[in-house]
Amino acid sequence: MIDQQIDSATSKRPSPEKFFHSQLWQDNPALVQMLGLCPLLAVSNTLVNSIGLAFATIITVTLSNALVSASRHFLIREIRIPAYVLIIAGIVTITDLMMQAFFHEIHLSLGIFIPLIITNCAIIARAEIFASRNPVLPSVVDGIATGAGFAAVLCILGGLRELIGSGTLLSGAELLFGPHAAGWTLDFGANYSGLLLAILPPGAFIILGLLLAVKNLIDQSQANR
Amino acid sequence: MEPVNKPFRTGPLTVNTIMLLVIAALVPGTVIHIYLTGWGGLANLLVAAAAAMLFEYIVCVLRNKPVRETMGDHSALLTGLLIGLCLPPLVNLWIPIIAAAIAILLAKHIYGGLGNNIFNPAMVGYAAVLVSFPRDLSLWPTLPQSFDFGIIQTINIIANGGLVEYTHWDSLTGATTLDTARTSTGTAGQHITIGLERWTNIAFLCGGAVLLRLRLINWHIPVSLLATLSLCALIEQAINPNAAGLSVHLLAGATMLGAFFIATDPVSAAAGNTGRLIYGAGIGLLIWLIRTFGGYPDAVAFAVLLMNCTVPVLDYLEPWRWRK
């Protein structure tokens, strides 16, 4: 009955475009809500690593939203959080094993951060805030939108850090996209020794902060218009 | 009509005057530094100071600040000079520019400009290039030959990637005193002598004494810093007679520059006397720890930055905060 009340309370559901605008820009999980910073900052040292983690996160958040939404009517309210954690952990384990099987090299370079997706607060936040109160289809859309928002920041951060830190883009692409991608690496300036700081952990914080500043600047200039 | 709230009596010490006096106190040490590092050291100072002023100007324009007033406080010039004094001669031309950019943009104006920065801007800029270009920044040319390079040759080297690109000139570079001290610790019978850089340190000590005399800085930070560093060095030497001794720790590297000109930065240092004593002692301890066990050429920058982090807590220790 509680669920029905909640469902009816949120019966005015936003359109899919709203989901994407909210999760990609306005309430971006990584850039605005600052959720899941641990994998975001630790893995984004190259673009390929970022893309690998981005895919894993999109899959996890979409599936977990779908399962949490499907099980929302028979979960006892008091133990819902442990149940979410179990669902997310199960999905992450599947993702982890699949990556180990099909993308072994990238799995090695991402290391502990694939299992650590379980602790990504962005995922459990969407389960609690959205999926547990809405039907399956909107939850899936919301999951894709959240994952895309996180993935976008992850890839921009990874690209910038790789570009500034070592002057390349997509180095090691063959790890993710197969042997034919070995030539995809873009090298900007062979003489560029790289601002090592960008690849080191402080660089992740500094560049994420600058991205947030750029986002605020764009928001401000739009508000002033 | 004249506005009545005009400052009728302008005190002798505006920010502008203080900064100029601090720069004046830096002059003797800087002259000796240039004598020891040659045109390369002079180029570092000029490039870093010019870049710092340029970035300060750009930020003033971007932030709609009055350029004359903001630039007039000379703090960007001081930041640039401190960066230039930290760098080894004959580094790539871009290194002082990047250091100045990070110092002015990321360490100072991101926080709101002079007076709001948590970290010492010059040290942030230096630390950023130190971790980014470890090979470039650990190459110190052997000191007495510094002026053997002409101006043209110096410009050629710094515009073409710095001394690190000329590593086949092995004879040019040598370990600094602190490097020798680190690598030789524990070897019996080896005596560490301080290079000519002791004169730089003595000159900075004199400049610092003038600042103390003019009451531009308080005695608390330099005294507790040097006392703690000396204590640590003496204990180390008592345990291990071959360790770098008191004189090495006090007169090599950037000890005096750090104690009197960097740690005493009024913005990023602790504000009360109790805090200042602990702040200085913490820097002294960290300098000794990083020099003895760390892997970088000198420790002053990291020690100052680490203690900058503690300043908000140290400021809570002041007795007047707890008095009703």
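Residues numbered from 1 in each chain as written. Chains lettered and ligands numbered in written order. Predicted model: local features only at pLDDT ≥ 70, side-chain atom pairs only at ≥ 80, totals over all residues.

Peer 1: For this particular structure, what's the right way to read the overall build of chain B?
Peer 2: Secondary structure assignment for chain B yields 15 helices and 0 strands. Counting the 324 residues in chain B, one finds 47% classified as buried. (Helix = DSSP H or I, 4+ residues; strand = E, 2+ residues; numbered from the N terminus. Buried ≥ 20, exposed ≤ 12 C-beta atoms within 10 Å, placed from the backbone.)

Peer 1: Would you mind going over the overall build of chain A with me for this structure?
Peer 2: Looking only at helices and strands, chain A features 10 helices and 2 strands. When the helices and strands of chain A are placed in sequence order, the string is α-α-α-α-α-α-α-α-β-α-β-α. What you see for chain A is a C-alpha radius of gyration of 19 Å, in line with the 17 Å of a compact globule of 225 residues. Each of the three principal axes of chain A carries a C-alpha extent, and together these read 65 × 50 × 30 Å. Nonlocal contacts in chain A, meaning residues at least 24 apart in sequence, comprise 78% of its contacts between residues at least 6 apart. (Rg over C-alpha atoms; globule rule 2.2 N^0.38 Å. Contact = placed C-beta atoms within 7 Å.)

Peer 1: What am I meant to see in the packing of helix α4 (residues 47-70) of chain A against helix α5 (residues 80-102) of chain A here?
Peer 2: Two quantities define a packed helix pair, namely the angle between the axes and the distance from one axis to the other. Residue and element names in this part refer to chain A. At a closest axis distance of 9 Å, the pairing of α4 and α5 adopts a crossing angle of 145°. Where α4 crosses over α5, the handedness of that crossing is right-handed. Side by side, α4 and α5 meet where Ala-56, Ile-59, Thr-60, Leu-63, Ser-64, Leu-67 and Val-68 of the first sit next to Tyr-84, Ile-87, Ile-88, Ile-91, Val-92, Thr-95 and Met-99 of the second. Looking at side-chain class alone, the contact of α4 with α5 contains 11 nonpolar, 3 polar and no charged residues. (Axes fitted to C-alpha atoms, helices over the stretch in contact; angles between N-to-C directions. Left-handed = near helix turned anticlockwise from the far one by under 90°. Nonpolar A, V, L, I, M, F, W, Y, C, P; charged D, E, K, R; others polar.)

Peer 1: Before we go on, may I ask you to explain the domain arrangement of chain B in this structure?
Peer 2: By a widely used convention, the size of an interface equals the accessible area lost when the partners come together. All names here are of chain B. Examined at the domain level, chain B breaks down into domain 1 (10-174) and domain 2 (176-324). With 29 residues of domain 1 at the interface, the matching set in domain 2 holds 29 residues. Contributing elements (two or more residues each) for the side of domain 1 that touches domain 2: α1 (15-62), α3 (75-86) and α5 (121-132). Here the side of domain 1 that touches domain 2 takes 10 residues from α1, the largest share from any one element. Of the residues that constitute the side of domain 1 that touches domain 2, the class distribution is 23 nonpolar, 6 polar and no charged. (Domains from an automatic or database assignment.)

Peer 1: How should the interface of chain B and chain A be read in this particular structure?
Peer 2: Listed per partner, the contact involves 6 residues of chain B and 6 residues of chain A. Mapped by element, the contributors of at least two residues to the side of chain B that touches chain A are α4 (94-108) and α5 of chain B. Residue contributions to the side of chain B that touches chain A peak at 3 residues, all from α5(B). Split into classes, the residues belonging to the side of chain B that touches chain A amount to 5 nonpolar, 1 polar and no charged.

Peer 1: Mind showing me how you'd approach the packing of α1(B) against helix α9 (residues 197-213) of chain B here?
Peer 2: Residues and elements named next belong to chain B. Running from amino to carboxyl end, α1 crosses α9 at an angle of 175°, the nearest separation of the two axes being 8 Å. When the axes of α1 and α9 are compared, the pair comes out roughly antiparallel. Contacts between α1 and α9 involve Val-22, Ala-25, Leu-26, Pro-28, Gly-29, Ile-32, His-33 and Leu-36 from the first element and Glu-197, Trp-199, Thr-200, Ala-203, Phe-204, Cys-206, Gly-207, Gly-208, Val-210 and Leu-211 from the second. Among the residues making up the contact of α1 with α9, the classes are represented as 12 nonpolar, 5 polar and 1 charged. (Parallel < 35°, antiparallel > 145°, perpendicular 65-115°, else oblique.)

Peer 1: Can you help me understand the confidence of the model for chain B in this one?
Peer 2: Low pLDDT marks stretches whose predicted atomic positions should not be read closely. Residue and element names in this part refer to chain B. Of the residues in chain B, 84% reach a pLDDT of 70 or more, and the chain-wide mean stands at 83. Under a pLDDT of 50 for its full length, residues 1-9 has, in the predicted model, 0 contacts with residues more than four places off or in other chains. With pLDDT under 50 throughout, residues 185-190 is counted as low confidence; its partners more than four residues away or in other chains account for 9 contacts. Across the predicted assembly, pTM comes out at 0.83 and ipTM at 0.78. (pLDDT = per-residue confidence, 0-100.)

Peer 1: Is there a simple way to explain the nonpolar core in this structure?
Peer 2: All names here are of chain B. Judged by nonpolar contacts, the single largest core of 141 residues is most densely connected at Ile-83, Ala-99, Ala-103, Met-123, Tyr-126, Ala-301 and Val-304. Among the elements that take part in this core, α1 stands out by supplying 14 residues, more than any other. Setting aside residues no more than four positions away along its own chain, Ala-99 makes contact with Ala-48, Ile-83, Gly-125, Tyr-126, Ala-128 and Val-129. (Core = buried A, V, L, I, M, F, W, Y, C linked by C-beta atoms within 7 Å.)

Peer 1: How do you make sense of the confidence of the model for chain A when you look at a structure like this?
Peer 2: The pLDDT averaged across chain A works out to 83; a share of 92% of its residues lies at or above 70. The model gives residues 1-11 of chain A a pLDDT under 50, and that stretch makes 7 contacts with residues more than four places away or in other chains.

Peer 1: I'm lost on helix α10 (residues 201-224) of chain A in this one. Help?
Peer 2: Residue pairs spaced three or four apart in an α-helix point in one direction, given the helix's 3.6 residues per turn. Residue and element names in this part refer to chain A. Between its first and last C-alpha atoms α10 spans 35 Å; for 24 residues at 1.5 Å apiece the expected length is 34 Å, and the two agree. Among the residues of α10, Gly-203, Ala-204, Ile-207 and Leu-208 are the ones counted as buried. In the core, the buried residues of α10 are packed alongside α3 (37-43) and α8 (136-166). (Expected span 1.5 Å × (residues − 1).)

Peer 1: Help me out: how do you make sense of α9(B) in this one?
Peer 2: Taking 1.5 Å of rise per residue, 17 residues should cover 24 Å, and α9(B) covers 24 Å from first to last C-alpha, within 8% of that figure. Looking one or two residues beyond α9(B), the residue adopting positive phi is Arg215(B), at roughly 60°.

Peer 1: Looking at this structure, I do not really get unusual backbone geometry. What am I missing?
Peer 2: Glycine aside, negative phi is the norm for most residues, and most peptide bonds take the trans geometry. Residues other than glycine seldom take positive phi values, yet Met34(A) does so here, at roughly 55°. A positive phi is found at Arg215(B), a non-glycine position, where the angle reads about 60°. Within the secondary structure, Arg215(B) sits in the loop between α9 and α10 (220-239).

Peer 1: Would you explain the environment of Phe261(B) in this entry?
Peer 2: Residue and element names in this part refer to chain B. Inspection of the secondary structure assignment puts Phe-261 in helix α12 (residues 255-262). Note on Phe-261: 26 C-beta atoms within 10 Å, which makes it buried. Separated by 34 residues in sequence, Phe-261 and Gly-295 have C-alpha atoms that sit 24 Å apart. Each residue touching Phe-261, except ones within four places of it in the same chain, is listed here: Val-22, Leu-26, Leu-82, Phe-204 and Gly-208.

Peer 1: What am I meant to see in the environment of Leu137(B) here?
Peer 2: Relative to the helices and strands, Leu137(B) is located in helix α6 (residues 134-137). It is 21 Å that separates the C-alpha atoms of Leu137(B) and Phe261(B), two residues lying 124 residues apart in sequence.

Peer 1: How do you make sense of the environment of Leu306(B) when you look at a structure like this?
Peer 2: Residues and elements named next belong to chain B. You can see Leu-306 is positioned in helix α14 (residues 300-314). What makes Leu-306 partly exposed here is the crowd of 15 C-beta atoms within 10 Å. Sequence-wise, Leu-306 and Pro-134 are 172 residues apart; in three dimensions their C-alpha atoms are separated by 19 Å.

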